[in-house]
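Chain residues, written in single-letter form:
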Amino acid sequence: MAGQSLTKDIQDTNNVTDREEMIVARDVHKWYASNEFHVLRGVSLTVTKGEVVVVMGPSGSGKSTFIRTFNALEEYQKGQISVDGIELSHDLKNIDAIRKEVGMVFQQFNLFPHLTVLQNVTLAPIWVRRRKKAEAEAIAMQLLEKVGILEQAKKFPGQLSGGQQQRVAIARALAMQPKIMLFDEPTSALDPEMVKEVLDTMRSLAREGMTMVCVTHEVGFAENVADRVVLMADGLLVEEAKPDAFFNNPQHDRTKQFLSQIL
Amino acid sequence: MTTITPQNPNPNLSPPAEIQISPINWVMKNLLTPWYNALITFIIVGIFCYAGYGFCVWAFTEAQWTVIPANLHLFGAGRYPSEEYWRLWVLLSIIVIFSGISWGIVARNVTHLFSRNVLIGLAIAALISFILPIPLLYKLAIIGLLILLSLAAWGGQKIGAKMPGLGQYIAINWFLVYLIGLWLIGGGLGLEEVTTSKWGGLMLTVLMATISIALCFPIGVIFALGRQSNLPVVKLFSVLYIEIIRGIPLIAILFMGQVMIPLFLPEGMRPDRVLRAIIGLTLFSSAYLAENIRGGLQAIPRGQTEAAKALGLNPPLTVSFIVMPQAIKAVIPAIVGQFISLFQDTTLLSIVGVEEFLGISRSVLANPNFLGRSSEVLLFNALGFWVFCYAMSTGSKYIEKRLNVEH
Ligand SMILES: Nc1ncnc2c1ncn2[C@@H]1O[C@H](COP(=O)(O)OP(=O)(O)O)[C@@H](O)[C@H]1O
Ligand SMILES: [Mg+2]
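Quick notes on the rules
- Residues numbered from 1 in each chain as written.
- Chains lettered and ligands numbered in written order.
- Predicted model: local features only at pLDDT ≥ 70, side-chain atom pairs only at ≥ 80, totals over all residues.
- Heavy atoms only, no water.
- Helix = DSSP H or I, 4+ residues; strand = E, 2+ residues; numbered from the N terminus.
- Rg over C-alpha atoms; globule rule 2.2 N^0.38 Å.
- Contact = heavy atoms within 4.5 Å.
- Lys, Arg positive; Asp, Glu negative; His and termini not counted.
- Charge placed at Lys NZ, Arg CZ, Asp CG, Glu CD.
- Buried < 20%, exposed > 50% of the residue type's maximum accessible area, 1.4 Å probe, protein only.
- Pairing = 2+ DSSP bridges.
- Axes fitted to C-alpha atoms, helices over the stretch in contact; angles between N-to-C directions.
- Parallel < 35°, antiparallel > 145°, perpendicular 65-115°, else oblique.
- Left-handed = near helix turned anticlockwise from the far one by under 90°.
- Nonpolar A, V, L, I, M, F, W, Y, C, P; charged D, E, K, R; others polar.
- Core = buried A, V, L, I, M, F, W, Y, C linked by side-chain atoms within 4.5 Å.
- Near = heavy atom within 4 Å.
- Polar contact = N/O pair within 3.5 Å; in protein donor to acceptor, adjacent residues only side chain to side chain.
- Areas by Shrake-Rupley, 256 points an atom, 1.4 Å probe, with all protein chains shown as cover.
- Salt bridge = Lys/Arg side-chain N within 4 Å of Asp/Glu carboxyl O.
- Disulfide = S-S within 2.5 Å.
- pLDDT = per-residue confidence, 0-100.

A count of helices and strands for chain A gives 10 helices and 10 strands. Its C-alpha atoms give chain A a radius of gyration of 18 Å, near enough to 18 Å, the size a compact globule of 263 residues would have. Overall, the C-alpha framework of chain A stretches about 50 × 40 × 40 Å when taken along its three principal axes. Taking the intrachain contacts of chain A between residues at least 6 apart in sequence as the baseline, contacts between residues at least 24 apart amount to 66%. Once the 30 positive and 34 negative side-chain charges of chain A are each reduced to a mean point, those two points are 6 Å apart.

All right, on to the pairing of strand E9 (residues 228–233) of chain A then. Residue and element names in this part refer to chain A. Most of E9 is tucked away, with six of its six residues classed as buried. Side chains Arg228, Val230 and Met232 project from E9 onto one buried face, and the interleaved Val229, Leu231 and Ala233 project onto a second face that is buried too. Pairing of strand E3 (residues 52–56) with E9 involves four bridges; the strand directions are parallel. Counted as the bridge partner of Val54 is Val229 from E9. Both E9 and strand E10 (residues 236–241) contribute to a ladder of five bridges, which runs antiparallel. Paired with Leu231 across the bridge in E10 is Glu239.

Residue and element names in this part refer to chain A. Running from N to C, helix H4 (residues 117–127) and helix H5 (residues 133–146) point in directions that differ by 125°, and their axes come no closer than 9 Å. By the angle between their directions, the pair H4 and H5 is classed as oblique. Here H4 runs over H5; the crossing is right-handed. Judged by residue contacts, Val117, Leu118, Val121, Thr122, Pro125 and Ile126 of H4 engage Lys133, Ala136, Glu137, Ala140, Met141 and Leu144 from H5. Residues that form the contact of H4 with H5 fall into these classes: nine nonpolar, one polar and two charged.

As a further point, take the packing of helix H9 (residues 201–227) of chain B against helix H10 (residues 232–246) of chain B. All names here are of chain B. Two elements in contact, H9 and H10, have axes whose closest approach is 7 Å; the angle formed by their N-to-C orientations is 125°. The angle between the axes of H9 and H10 places the two elements in the oblique class. The interaxial crossing formed by H9 with H10 has left-handed handedness. Facing Phe223, Gly226 and Arg227 of H9, the residues of H10 in contact are Val234, Lys235, Phe237, Ser238, Val239, Tyr241, Ile242 and Glu243. Along the lines of polarity and charge, the residues of the contact of H9 with H10 split into six nonpolar, two polar and three charged.

Before going further, it helps to spend a moment on the nonpolar core. All names here are of chain A. Counting residues in each nonpolar core, the largest one holds 49 residues, and the members touching the most others are Met56, Met181, Phe183, Met202 and Met212. Top element by residues in this core is helix H7 (residues 192–207). It accounts for seven residues. The residues contacting Met202, other than those within four sequence positions of it, are Ile170, Phe183, Pro186, Met212, Cys214 and Phe221.

Looking now at the site of ligand 1. All names here are of chain A. Close contacts around ligand 1 come from 13 residues, with Gly60, Gly62, Lys63, Ser64 and Thr65 the closest. Ser61 places a main-chain nitrogen or oxygen 3.3 Å from an oxygen atom of ligand 1. Residue Thr65 places a side-chain N or O atom 2.4 Å away from an oxygen atom belonging to ligand 1. The protein chains hide 64% of the 560 Å² of surface that ligand 1 would expose on its own.

Let us now look at the pattern of salt bridges. Close approach of charged atoms allows side chains of opposite charge to pair. Residue and element names in this part refer to chain A. All told, the structure shown has 22 salt bridges over all chains when counted by the stated rule. The salt bridge involving Arg228 is made with Glu51; its shortest N-O contact spans 2.8 Å. Taken together, the residues span a long stretch of sequence, with Arg228 in strand E9 and Glu51 in the loop between strand E2 (37–48) and E3 at a distance of 177 residues. Considered together, Arg228 and Glu51 belong to a single accessibility category, that of buried residues. Across the pair Lys256 and Asp253 runs a salt bridge, and its minimum N-O distance is 4.0 Å. Here Lys256 pairs with Asp253, and both are found in helix H10 (residues 253–262), just three residues apart, close to one helical turn.

Among covalent bonds in proteins, the disulfide is the one between the sulfur atoms of two cysteines. Per the counting criterion, the structure on display carries zero disulfides over all chains. Looking at the unpaired Cys56 of chain B, the closest cysteine sulfur is the one in Cys49 of chain B, lying at 10 Å.

Another point: the sheet that holds strand E5 (residues 86–87) of chain A. A sheet is described by the order of its strands in space; here four strands give the open sequence E2-E1-E4-E5 (chain A), paired in antiparallel fashion. Every interior strand has two partners, whereas the edge strands, E2 and E5 of chain A, have only one.

Residues of chain A with pLDDT of at least 70 account for 92%, and the chain-wide mean is 90. Predicted confidence for residues 1–16 of chain A stays below pLDDT 50, and this span has 19 contacts to residues more than four positions away or in other chains.

With a phi close to 55°, Asn110 of chain A is a non-glycine residue in the positive phi region. Tracing the chain through its elements places Asn110 of chain A in the loop between strand E6 (102–105) and H4. One non-glycine residue, Leu189 of chain B, lies in the positive phi region at around 50°. Structurally, the position occupied by Leu189 of chain B is in the loop between helix H8 (170–186) and H9.

In structure tokens:
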């Protein structure tokens, strides 16, 4: 299969075959039931432990749909996905196991507006990981300190700026101590002056060795932080390269066209 | 401090200081200019004065208020045996003390518990109790209860400030008060038994309304969720229930409960008539409540459930911690509106012969001694209902403000 050989090429060029595979997606197809739209048309991607992969591509190309299959927010009809060695089937047990290991940060933050910042961060550890409340709060406070919003712990999301809300959302996902973090355009809904604080948080997370898949159009972030950049267009991964090669020496016309639009 | 009780998210922001204008200026500006505004003002004020004058003339010269004090026990408790009244007074005191304590605990962070509005409210309540045509002893009793309420609230605030975790236990304590109340009213377990046929008046109205409200709420939540369910059978059943109940007038449901159930079931197996009334009211209200809550559920953005899923919360946890609290918060005004109409709908039971507040008034008016006193009695009824409904709507506004629905 084309997708599989592409993955193999990348592994060879990166010489990472010895590293643990955290996400393996093989020839994933998805049709939206409502309109028979073939949104993912055979996508393959392997992400190894500690790797940061940036996904770029025009709007509507299926980036969100693709990364949302990793934590089963989207179903798919054909192909295989395994996350941290767990095969993603339609079995609910697996879904629960996978969601515990995968944190996700959304474009619109999706904080729970009726809960305080601290409650947002401790809810899942207490009820899903079954942590003691005091323990969960201690971890939450550490994370909030790490993302720089410790003083806001008792406030409600509506009282925070967009950048602060997104950092709370990152802390909330980290509180579950995931092995993988997915970011779906985490800075697209932010005012320009707040983009940096969120990217800085993501960068320090990457430096700590978190496995990350980020849909973002922040070229600076991709150049400095990503191990690999992939371009998605019309439901296919058309280019996969190290950031330097991706931005300076793109192989595919589709990539060149896309880069000419965003650079 | 770390519980999931909603707190006022914005305690530090006070509203901007109002610009002071003199009352005369305000009247000139808002009521008297331009000329047609002045005309409308005069016409409306004229109508009010005319009607008010007519009412006062009637109330102080023609009306014969003796009908109220003469039947006060009937209005309050129906045909409840007079030697057991003390039980109702004990219950009333317990309720008042608990209301005060709950209020104090909920408002533990408020600096001035007895704000100007609260003081005015208490003063008006005391004033009304003095205007009411009731014996002096009762006036003093009402004022005593008001004082008890204030003391309990003051104490509750002190306790609440010391032990902030107490807020969680208010609901369960009210449930206990409820059980104690039913025991005090109905007897048994060492107290003289009083059958429901002797319950009546305002006591019965409040009892039926509060039990129905407490029951219809969870049932409404369940049907609202059922209607959104992916399971076809659950969904169909919920839709059928909601649509059938909403298609039947309440009075028909109550008639079925009071008149038809006895035809089907043999003597001894029939549920008690007060119970039948409560079941009818509950079934009816829960269908409307389910629709209100469904409206709230639809207002929750999809991102909320997605975020919950991504965190690994399963559907029951997502519904109880994320979806339902926000849905209910969004429709509090509609829910309280439903509760208020439920309270007033209890009056329909007077038609099927249950002697609640309005029903007992019909019995009083049927007494030849009080022939033609319907204006006085109905006015008294209206006042009674208004006090409770106004209290509910004030409570709803208070809760809304605390939960800060608008943000
Ligand atoms: N629920 C849905 N039903 C039908 N089509 C959808 C649905 N969600 C997304 N799509 C379509 O799928 C395509 C990919 O969407 P998405 O993954 O959000 O793209 P991206 O994140 O790259 O902008 C878009 O063309 C969008 O219109
Ligand atoms: Mg997207």
